[in-house]
Amino acid sequence: MNFQTLIIAGLGSIGGSMFAVGKEYLPWFAKVVAVDREARKPAIPMDAPVEVLVGDVTDTSFLEELIRRVPKPVLLLNLCSGIDHVRLRKMIEKLPVAYLDSGCCTPEGTDEHRFSRMMPYTLTPVGSGYPHWLCWGINPGVVELVTRMLLRRMGLPPAEAEVTIFEHDSLQTANPDHGIAVGWCPVFLVEEMVVSPSLVVEKGMLREGVAAGGQPVLVSWDNETVACRVLGHEDMWNLGQLLGVGSARFVYGLSPRVMSVLESRDAPAAAAELKVPPPATPVLGLERIAVQVRSSSSGASRTLLWETDHERVWKRLGVNGVQFQTCVSLWLALHMLQNTRFGTLPGTWCASNLPVSEADWREVESVMRSLGMAWEEADHSSIRLLPTLFPGRPAF
């Protein structure tokens, strides 16, 4: 046990689901505190000793008082939306607190949407004696670990790797009248799809789109043609700049209803029309994420796929597949920080640059399986980017 207290800050779509997904992992910590600016009621198991507070972790006096009164050292999981992560990390840099988050940020008071600008700021190191783990969700995060796993299995140097991250979310509500469903925050989903320009790695170099929004493409998923977009994303920056892969792209598609809204509305209107179904609303569909690595020299290719049935996981835990995969990925990071040597390794770490030994890899893969991360070998030819681009604008 490296940490006595876990603080989960931000109880929205993902933070509020951490307790339902991780109820059997809460005893890893002597104390668990959940905090949000608003009075929320996350689905906390009846017998779980979780303290729920209303407060703002960006308020220095509130945060310092909270840390003062809980057992230390502390592990702070930041799932707050729209705040300056670097400012928060500087607030705790002299305190006995480690840090974990799931995505990038921009400087407070700015309105930046380019990952080429957001990521260098997000990765700003601070002078803490404890680990700071950045961008550790399913993607970014676990997809980077899986990329590295495939490189090891293939004996492939990163510079020779052509990496494609595929995601297809066919989430829908059982009753269409319940609205147009998405698995996570509509505002940030819309920002990724139609505001942030695309970002890919080509020949070891980052290339960012000149137009707002991802580049429309078509993907074959088991012979089903799915409308998708090649997006800017944190994992593209990390794979290119930290791991040094030869090429990389992230290809994301959602249900036809969602894709239609994204095509026909401006960003605010699209975000207003989409919503995350509440826990009582039945959901259907699949959340599928695949990591595909191809050798640029030999052409050899391997693909790992994690598929989650929205309805099945909703019936079991009251969350959708996106919430489940993201929360499980965060619990993987929490396990690594709490129960392995990584919790005592100071520094600023992403999944692309964490120094993982052979023994560490065995531990990581074992814990993935125990947490229910069902990564399976998939036929790379059944999940592939189709050559046809949508007309109408340049890719770069």
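Data block above holds the structure.
Residues numbered from 1 in each chain as written. Predicted model: local features only at pLDDT ≥ 70, side-chain atom pairs only at ≥ 80, totals over all residues. Heavy atoms only, no water.

Draft legend 1. Focus on the overall build of the chain. A count of helical and extended segments in the chain gives twelve helices and 21 strands. For 396 residues, the compact-globule estimate of 2.2 N^0.38 gives 21 Å, and the chain sits close to it at 20 Å. Dimensions of the chain, computed from the C-alpha atoms along their principal axes, are close to 60 × 50 × 40 Å. Residue burial in the chain is summarised as follows: out of 396 residues, 57% are buried. (Helix = DSSP H or I, 4+ residues; strand = E, 2+ residues; numbered from the N terminus. Rg over C-alpha atoms; globule rule 2.2 N^0.38 Å. Buried < 20%, exposed > 50% of the residue type's maximum accessible area, 1.4 Å probe, protein only.)

Draft legend 2. Examining unusual backbone geometry more closely. In this model, Lys 72 is joined to Pro 73 through a cis peptide bond whose omega is 5 degrees. In this structure, Pro 73 sits in the loop between helix H2 (60-69) and strand S4 (74-78). Cis geometry marks the peptide bond from Asn 139 to Pro 140, where omega comes out at 5 degrees. The residue Pro 140 is located in the loop between strand S6 (131-133) and helix H5 (142-154) in this model. Although it is not a glycine, Cys 135 adopts a positive phi angle of roughly 65 degrees. Along the chain, Cys 135 falls in the loop between S6 and H5. In this structure Cys 135 comes out as buried when scored by relative accessible area, which is 0%.

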